[in-house]
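# Observations on the model geometry
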Amino acid sequence: MFIPTLVLWLLSASPEVPVTPPVPVDAAPPVMPADASALTQPVHVLLRLTIDDTGEVSRVEVRESGGVLFDRAAMAAALRWRFEPARRGGVPLEVQVDVPVTFEPFVSPPDGATLRAEDTDAAAPVDGGAAAPPRVSPSTDAEGNAPPPGPKPPSFSTTVRGQSVAPPPVAVGDFHITVGQLADVPRNSATDLLLLAPGVMLANHGGEGHAETIYLRGFDAGEGKDVEMRLNGVPLNEVSHAHGHGYADTYFIIPELVQSLRVTEGPYDPSQGDFGVAGTVDYQLGLERRGITASASYGSFASRRLSLVWGPPESTDATFVGVLLRQGHGFGPNRAYANAGLMAQTELRLGPETRLRLFGASYGARFSTAGVVRETDVVDARLPCDADADSQFFCLYDPNQGGASQRHLASVELVSRLERGGRFVQQAFAVTRQMRSRENFTGFLQDTPPVGEAQRGDNTEQSYQGTTVGLRGRYTPGLTWAGQPQPLELGYVARYDNVHTRARRLRDKGGAPYATVFDNQVRTTNLGAYLSLRGAPLEWLTLRGGVRVDTFLFGVEDLNRPESDRQGSRIPEESVEAYGFFASPRASAEVRLTPQLTWLTSAGLGARSSDAAGLSDAEFAPYARVTSGETGLGWRWADDAGASALEVRGAVFATRVSQDLVFSETTGRNQPIGPSQRLGAFGTARFQWNQRLDVQASLAWARATQPLPGASSWRLWDGAVIPYIPQVLGRVDAAWRGTATVARQPVGWSLALGHSAIGPKPLPLDRYSESIFLFDVAARARWRAVELGVTVENVLDARWRESEFNYVSNFRGPDAPASLLATRHFSAGAPRTVRGTLTVYLDLQEDRP
């Protein structure tokens, strides 16, 4: 429980005419910060409010700080308070008042999931505060006259029960990650924030603008096929995408607007849906700093970046606008890129317990791709670049590779708090998406040309254009049993996709298409529902369980059928309809060994839907079934003041998949290989100290294999190793902030480090790649509203291979004989990259140490 007690003093001077003090009308209590769950002692914040002659809070200042998290929580609530204005002789006047706010430790059971106001005299405000008028001195009224003293107004209090906004984890690998200071670590996109979760590796063979390949928990999740991706609850995975079923591009997300992300590794939460095989990622947006922040960067390879984010001072962190422009030549030939994006959200109060969030985003990108090169051609300097080692390493074969994409997204979310801690959430969303890419993995190998003609080339054009609309919702009634909250949640999803997906072969000269690989118009309807229940039958035991049910209806218009068959001429089109259904139970048990140490065991079933392009008419659509289990420990410590905290987690896990996918160079996308299994473990720790030091480190190991025919399902360590998936991954992120005095002026500074260690990746034919060690650093200094920063990525200037493959290819020309021997191919990773940044803060809200 925490009880904010607010006592208002009217600051006045003249004793002639009595003043009626301001009286609170709508004054919802602050929300306990999500990172304050380990709070053990009261925290006090003293605010000074300027209340104008209409009763609106036009300005908030912190007079006595309780820490950045508590200051911002108190200020965000105060900006929404409304009062009957102070009056002198019946005339409203503007005054300043001091308001002490106290945050007290929670005493409710550990399973309370949401905050609830139960009071009394105070109600949630109807709308945000008004725009700030000219400030009036505490000793004068709006006309410059000294107001007389008035009686000290009575105090009022509000009671809030519950816990942090983030619910307790469903597994040891369920992470609610607040970005916080770790935003100082160099990152090129919002996708890089996934590295804050253990066991994650990112690779990109397609260029700046192509979705990242995600390796998680021993899975090569491709560009999203095995990881469910969401943005503020809106699904991002694209069904039956030409590049791969489940393709999810997150380049459009502006990193400055990512407040937190939830990474659930494994299928253990009943709310997880399609593609949640290796796990689920949900980006949560917000902008804590109010005012305008403008940033401009310039760096190596003519890279330019301009961002502008704005949070209206009178609003909460759920209201913001952000614009991001990026452009550069890339770190080698045929790697230029340009993209622009806009994201905006506003939160409106519709009543005491109801809020409405409106969100929209637009994005456009164009990028070039160098593709892959043969290791032997680099060593022998046979590539069409200068003969020196660096030029050969970053060279390419086919300059006709690259792509373009567009995305537009809109979402409306209505949240209502109900009695007894219940909650009702409804969300509607719409996404329209277009993408075209061109890639060549094999050179001149796949074509079967007309008799007497040479190979025309294997460059493949993949295009996708589609629209997604849908609804999501969840209902938590707020049940109690034996005096304890027993959270029950019911949820649903309704999603409809209408997409056109196509792949064609292009001529090496001129780029004209000469063959169609597939051409499909796909319509998919996904209806799903889930139920989850959490209970604590014993003080030291918490049980969670639930089930999710999904149905799919597929409709496919195959536009690439032959014009004739054995029975004669026919229309080159065909319709296919199919239906699929699966149920996925999930459960977990948490044992509290000590107040800080817990043992959590989780198990669940998940699924990946079928790619509609591979279905037959009237088929009961098959799906890939994943069975996963995990057990491990979690330990958390915080000092009495809540200024320092340390969290440590570790677990072992095992997973089986009925139908896995592995990258195929011949199609440029993932193809089925049959069942697979994984055995792994991870450990992670995060230490935060006094809002100055934030360090997170993780180490993960996973072994992915294909089981031997007839082998026992319990022998998870046996079988052929699946290629391309790294077995050992390590990551360190650290940020240190402080202040210094320069020429008698306070200057804020920060230093940040990011380090990735990637163990050898298995390749076909019992070969392994080399280990990779990358270091990134950043430094910045801020004086008043101006900040200068510098980042250096790949400090040691390592020559590393971002993606590696082993297969047969022929890049020597259409008339050259093709070798039948597989050889190593790779796409080069970025060399040392330096970037300088100038940032200006306008209408800034100072960060307090």
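In what follows, the accompanying structure is described.

Reading the values: the criteria
Residues numbered from 1 in each chain as written. Predicted model: local features only at pLDDT ≥ 70, side-chain atom pairs only at ≥ 80, totals over all residues. Heavy atoms only, no water. Pairing = 2+ DSSP bridges. Helix = DSSP H or I, 4+ residues; strand = E, 2+ residues; numbered from the N terminus. Buried < 20%, exposed > 50% of the residue type's maximum accessible area, 1.4 Å probe, protein only. Contact = heavy atoms within 4.5 Å. Patch = residues over 30% accessible without salt bridge, like charges linked within 9 Å, V, L, I, M, F, W, Y side chains within 5 Å. Areas by Shrake-Rupley, 256 points an atom, 1.4 Å probe, with all protein chains shown as cover. Salt bridge = Lys/Arg side-chain N within 4 Å of Asp/Glu carboxyl O. Phe/Tyr/Trp six-rings, centres within 6.5 Å; stacked < 30°, edge-to-face > 60°. Disulfide = S-S within 2.5 Å. Polar contact = N/O pair within 3.5 Å; in protein donor to acceptor, adjacent residues only side chain to side chain.

### Digging into the sheet that holds strand β52 (residues 801–807)
The antiparallel open sheet is built from three strands, whose spatial order is β27-β53-β52. One side of each edge strand has no neighbouring strand; the edge strands of this open sheet are β27 (373–374) and β52. Here β27 pairs with strand β53 (residues 823–828) via two bridges, running antiparallel. By the bridge assignment for β53, Arg-374 is matched with His-825.

### So, helix α1 (residues 68–78)
α1 sits mainly inside the fold: eight of its 11 residues count as buried. Buried residues of α1: Val-68, Phe-70, Asp-71, Ala-73, Ala-74, Met-75, Ala-77 and Ala-78, and no others. Among the structural elements, β5 (43–51), β6 (57–64) and β10 (95–103) are those in contact with the buried residues of α1.

### Examining a nonpolar patch on the surface
A surface patch of nonpolar side chains, amounting to about 530 Å² of accessible area, comprises Leu-418, Phe-424, Tyr-475, Leu-490, Leu-531, Leu-533 and Val-547. Here Leu-533 falls in the partly exposed class, since its relative accessible area comes to 43%.

### Considering the pattern of salt bridges
Applying the stated rule across the entire model yields 46 salt bridges. Between Asp-377 and Arg-382 there is a salt bridge, with the nearest N and O atoms lying 2.6 Å from each other. For Asp-377, a relative accessible area of 4% translates into the label buried. By relative accessible area, Arg-382 is classed as partly exposed at 40%. Put simply, Asp-694 and Arg-686 hold a salt bridge, and the shortest N to O gap is 2.7 Å. Neither Asp-694 nor Arg-686 differs from the other in exposure class; each is buried. Via salt bridges that share partners, Lys-225, Asp-226, Arg-608, Asp-660 and Arg-678 belong to a single interconnected network.

### With respect to the packing of aromatic side chains
Under the counting rule described, the total for this entry stands at 15 aromatic pairs. Seen from their ring centres, Phe-175 and Phe-682 are 6.1 Å apart, and the 65° between their planes marks the pair as edge-to-face. Taken together, the positions of Phe-175 in strand β14 (residues 174–178) and Phe-682 in strand β43 (residues 669–689) put the pair 507 residues apart, joining distant regions of the chain. For the residue pair Phe-175 and Phe-682, the accessibility class agrees, reading buried in each case. With a centroid separation of 6.4 Å and an interplanar angle of 45°, the aromatic rings of Phe-805 and Tyr-807 are classed as tilted. The same class applies to Phe-805 as to Tyr-807, namely buried.

### A few points about the pairing of β10
By the criterion of burial, β10 is predominantly enclosed, with eight of the nine residues buried. The pairing of β5 with β10 spans nine bridges and is classified as antiparallel. Of the residues in β10, the one forming a bridge with Leu-49 is Val-97.

### Points about the state of the cysteines
Note on terminology: disulfide describes a covalent bond linking the sulfur atoms of two cysteines. Tallied over the entire structure, the rule returns one disulfide. Between Cys-385 and Cys-395 runs a disulfide, and the two sulfur atoms are separated by 1.9 Å. Here the disulfide of Cys-385 and Cys-395 is right-handed, its torsion about the S-S bond being about 80°. Taken together, the positions of Cys-385 in the loop between α2 (375–379) and α3 (389–393) and Cys-395 in the loop between α3 and β28 (402–417) put the pair 10 residues apart, joining distant regions of the chain.

### Topic: the side chain of Gln-462
One can find Gln-462 in strand β30 (residues 459–476). The class of Gln-462 is buried, set by a relative accessible area of 4%. At a separation of 2.6 Å, a polar atom in the side chain of Gln-462 contacts the side chain of His-243.

### Re the environment of Ala-344
Counting through the fold element by element, Ala-344 comes out in strand β25 (residues 337–351). Taking the C-alpha atoms as reference points, Ala-344 and Gly-360, separated by 16 residues in sequence, lie 5.5 Å from one another. In this structure, Ala-344 is in contact with Phe-320, Val-321, Leu-358, Phe-359 and Gly-360, ignoring residues within four places of it in sequence.

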